[in-house]
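# Chains, contacts and geometry: an overview
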Amino acid sequence: AQSVTQLGSHVSVSEGALVLLRCNYSSSVPPYLFWYVQYPNQGLQLLLKYTSAATLVKGINGFEAEFKKSETSFHLTKPSAHMSDAAEYFCAVSDQWRDDKIIFGKGTRLHILP
Amino acid sequence: KAGVTQTPRYLIKTRGQQVTLSCSPISGHRSVSWYQQTPGQGLQFLFEYFSETQRNKGNFPGRFSGRQFSNSRSEMNVSTLELGDSALYLCASSSGQPSDTQYFGPGTRLTVL
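Residues numbered from 1 in each chain as written. Chains lettered and ligands numbered in written order. Predicted model: local features only at pLDDT ≥ 70, side-chain atom pairs only at ≥ 80, totals over all residues. Heavy atoms only, no water.

### A look at the sheet that holds strand S3 (residues 19-26) of chain A
Residues and elements named next belong to chain A. Basically, it comes down to this: For two strands to pair, DSSP has to find at least two bridges joining them. Only DSSP runs of H or I with at least four residues qualify as helices, and only runs of E with at least two residues qualify as strands; both kinds are numbered from the N terminus onward. Every angle, taken between N-to-C directions, lies between 0 and 180 degrees, and every axis is a line fitted to C-alpha atoms, over only the stretch in contact when it is a helix.
Here we have five strands laid out as an open sheet, ordered S1-S3-S8-S7-S6, and antiparallel in their pairing. Because the sheet does not close on itself, it has two edges, and the strands there are strand S1 (3-7) and strand S6 (56-58). Averaged over all adjacent pairs, the angle separating strand axes in this sheet is 20 degrees, with direction ignored. Across five bridges, S1 lies against S3 in antiparallel orientation. Note on S3: the bridge partner recorded for Thr-5 is Asn-24.

### With respect to the pairing of strand S3 (residues 19-24) of chain B
Of the strand pairs in this sheet, strand S1 (residues 5-7) of chain B and S3(B) are connected by three bridges, and their pairing is antiparallel. Within the sheet, the bridge partner assigned to Thr5(B) lies in S3(B) and is Ser24(B).

### Section: unusual backbone geometry
For residues besides glycine, phi is generally negative; the peptide bonds are generally trans as well. The test is simple: Burial classes: relative accessible area under 20% of the type maximum marks a residue as buried, over 50% as exposed, and values in between as partly exposed (1.4 Å probe, protein chains only).
A cis amide bond, omega -10 degrees, links Thr7(B) with the succeeding residue Pro8(B). Structurally, the position occupied by Pro8(B) is in the loop between S1 and strand S2 (10-13). One non-glycine residue with positive phi stands out, namely Asn61(A), at about 60 degrees. Turning to its location among the elements, Asn61(A) is positioned in the loop between S6 and strand S7 (64-68). Accessibility expressed as a relative area gives 43% for Asn61(A), which makes it partly exposed. The phi dihedral of Thr72(A) is positive, around 45 degrees, even though this residue is not glycine. Inspection of the secondary structure assignment puts Thr72(A) in the loop between S7 and strand S8 (73-78). The exposure class of Thr72(A) is partly exposed, given its relative accessible area of 32%.

### Things to note about the layout of surface pockets
Note the following rule: A cavity here means a set of 1 Å grid points, computed over protein atoms only, where a 1.4 Å probe fits but cannot escape. A pocket is an open set with protein on both sides within 12 Å along at least 5 of 7 lines, and lining residues have an atom within 4 Å of a point. Grid points are joined across faces, edges and corners, and a volume is the space filled by probe spheres set on the points. Think of it as three bins: nonpolar holds Ala, Val, Leu, Ile, Met, Phe, Trp, Tyr, Cys and Pro, charged holds Asp, Glu, Lys and Arg, and polar takes everything else, Gly as well.
The computed volume of the largest pocket comes to approximately 330 Å³. Lining of the largest pocket is provided by 17 residues; of these, Gln38(A), Glu88(A), Phe90(A), Arg109(A) and Gln37(B) occupy positions nearest its centre. Tallied by class, residues from the lining of the largest pocket come to five nonpolar, eight polar and four charged. Each pocket or cavity is described by its volume, and for the second largest pocket that value is around 280 Å³. Taken together, 15 residues line the second largest pocket, and the ones lying closest to its centre are Ile103(A), Leu43(B), Gln44(B), Phe45(B) and Asn59(B).

### Observations concerning the sheet that holds S3(B)
Strand pairing in a sheet relies on backbone hydrogen bonds, with the paired strands running either antiparallel or parallel. Residues and elements named next belong to chain B. Strand order across the open sheet formed by four strands is S1-S3-S8-S7, with antiparallel pairing between neighbours. The sheet is open, and its two edges are formed by S1 and strand S7 (64-68), each paired on a single side. Taken over all neighbouring pairs, the strand axes of this sheet differ in orientation by 20 degrees on average, direction set aside.

### Points about the state of the cysteines
Put simply, the rule reads: A pair of sulfur atoms, both from cysteines and within 2.5 Å, is called a disulfide here.
Evaluation of the coordinates by the stated rule reveals two disulfides over all chains. Sulfur-sulfur distance for the disulfide between Cys23(A) and Cys91(A) comes to 1.9 Å. Negative torsions about the S-S bond denote left-handed disulfides, and the value of about -65 degrees found for Cys23(A) with Cys91(A) makes this one left-handed. With Cys23(A) in strand S3 and Cys91(A) in strand S9 (residues 87-95), this residue pair connects regions lying 68 residues apart in the sequence. You'll find Cys23(A) and Cys91(A) in the same group, each marked buried. Between the sulfur of Cys23(B) and that of Cys91(B) lies a disulfide, 1.9 Å long from S to S. The S-S bond linking Cys23(B) to Cys91(B) shows a torsion near 65 degrees; that makes this disulfide right-handed. Of this pair, Cys23(B) sits in strand S3 while Cys91(B) is found in strand S9 (residues 87-94), placing the two residues 68 residues apart along the sequence.

### Remarks on the environment of Pro30(A)
In this structure, Pro30(A) sits in the loop between S3 and strand S4 (31-38). Separated by 76 residues in sequence, Pro30(A) and Lys106(A) place their C-alpha atoms 21 Å apart.

Listed below in structure tokens is the structure:
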């Protein structure tokens, strides 16, 4: 069975500081991994996804994530936080060998301090 | 290309009633997945339809059902509503391939009184 654990339901960083949102996954088969962002009263928007092509994945809005198989991690980073990055972020995993079922983490709310 | 649309955006019902939510996927997409989002449980997968067939199902009671039409539009029905069914219901569409991106709609906010 697959699962996703996001460490920290709330993370606060200062504007201009490094953003690091942690995600660990559990999967018995090669996974696909995703990061989604959700702004208030909106649906989810894909930031980036890992599909085994490259371990360092670059996404939209300056975000990137690195797949580390040995650590079963897929942490999301951004070098410099912007006020507009304040939102909820979800890490998700799906099975490379199956179809479209995606398992989401509980989410991390990112707060940007001026 | 138009995005995923969901109707209605907001809905208020009372316990015991039933409700039907609609999702129109991106043109050309054949897969529609439904999720329930609540503050306590987070995002939970309900079911997925591909080419009018239910392909995947989450762990929800039989009160939750769905269907997909030949034009890929999908509906989700919840019968005998309970207070705990209050949630944001999101649908997502994709081509149906495992690596393909799922595109989410804005959701339907259901409140059960």
